[in-house]
Amino acid sequence: YSNTLFQCANLKQLTKKKVDGEEVIITTYRGRFYEFDFKKPFKEDIVILQPSKIKSIRGYEKVDTESIKFNSELQIFAKNKLEVFYLFTPQIIEAFNRFDEKYNDHITFSFIDSKLSILIDNKVDGVIKSMLKKKKTIRSNVLQHEAKDIKEFIDLFELKKDFFKE
């Protein structure tokens, strides 16, 4: 889309836990991982997570924006705090807030080198299992909505050229 290469994968993470002395397996994540490869690298590495998932990341500093709503819903870790204030305009902050609200606090972003990664923990498999028997895949309404959202995100960053290194 828009000359931006991307790939997508369905992910499922299982965790073993002991419950009442018995070992059980719990699904801790099921959703999609998107990775977009832009032509130019981002100026700085930035990771945007849900609050309380991670308190710190080695080599990154936690950054609060001017948006109280954003800071209560998401947390930013960056290698250069000043770059976040330069790059995260009200338009971009609003886009992150919309995505966070739409995906019920189950979305994570990272901008590293020339890659934008988006992880959506929506508890939905991207392939309808009955279609696997016919060796075909079909996109559900969920995937179509995600694709529309992802296009909006690509457009937002393609238009903001100063987000990238010269």
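Residues numbered from 1 in each chain as written. Predicted model: local features only at pLDDT ≥ 70, side-chain atom pairs only at ≥ 80, totals over all residues. Heavy atoms only, no water.

Concerning the overall build of the protein chain
When helices and strands are counted, the protein chain shows five helices and seven strands. Counting helices and strands in the order they occur from the N terminus, the protein chain gives β-β-β-β-α-β-α-α-β-β-α-α. Looking at the 166 residues of the protein chain, the share that counts as buried comes to 38%. In the protein chain, once contacts between residues fewer than 6 apart in sequence are set aside, the share between residues at least 24 apart is 65%. (Helix = DSSP H or I, 4+ residues; strand = E, 2+ residues; numbered from the N terminus. Buried < 20%, exposed > 50% of the residue type's maximum accessible area, 1.4 Å probe, protein only. Contact = heavy atoms within 4.5 Å.)

A look at the sheet that holds strand β3 (residues 46-49)
Sheet strands pair by backbone hydrogen bonding; their relative direction is either parallel or antiparallel. Strand order in the open sheet made by the seven strands is β1-β2-β7-β6-β3-β5-β4, with antiparallel pairing throughout. On the outer flanks of this sheet lie β1 (5-19) and β4 (61-63), each paired with one strand and no other. When strand polarity is set aside, the average angle formed by the axes of neighbouring strands in this sheet is 20°. In this structure, β3 lies alongside strand β5 (residues 75-78), joined through four bridges in antiparallel fashion. Counterpart to Leu 49 in the pairing with β5 is Gln 75. Against the sheet, helix α3 (residues 90-102) contacts β3 and β6 (107-112), and its axis sits at roughly 145° relative to β6. (Pairing = 2+ DSSP bridges. Axes fitted to C-alpha atoms, helices over the stretch in contact; angles between N-to-C directions.)

Observations regarding the confidence of the model for the protein chain
The predicted model of the protein chain has a mean per-residue pLDDT of 79, with 80% of residues at 70 or higher. Low pLDDT (under 50) marks residues 128-139, which in the prediction has eight contacts with non-local residues, meaning those over four places away or in another chain. (pLDDT = per-residue confidence, 0-100.)

Considerations on the nonpolar core
In this structure, Ile 46, Ile 48, Phe 88, Phe 96, Ile 118 and Phe 153 are the most contacted members of the largest nonpolar core, which totals 30 residues. Taken together, the elements giving at least two residues each to this core come down to β2 (22-37), β3, β5, α2 (81-87), α3, β6, β7 (115-120) and α5 (141-159). Here this core takes five residues from α3, the largest share from any one element. (Core = buried A, V, L, I, M, F, W, Y, C linked by side-chain atoms within 4.5 Å.)

Describing the pattern of salt bridges
By the definition in use, this model includes seven salt bridges. Note that Lys 115 and Asp 37 form a salt bridge whose closest N and O atoms lie 3.4 Å from each other. With Lys 115 in strand β7 and Asp 37 in strand β2, this pair connects stretches of sequence that are 78 residues apart. Overall, Asp 37 belongs to the partly exposed group, its relative accessible area being 28%. (Salt bridge = Lys/Arg side-chain N within 4 Å of Asp/Glu carboxyl O.)

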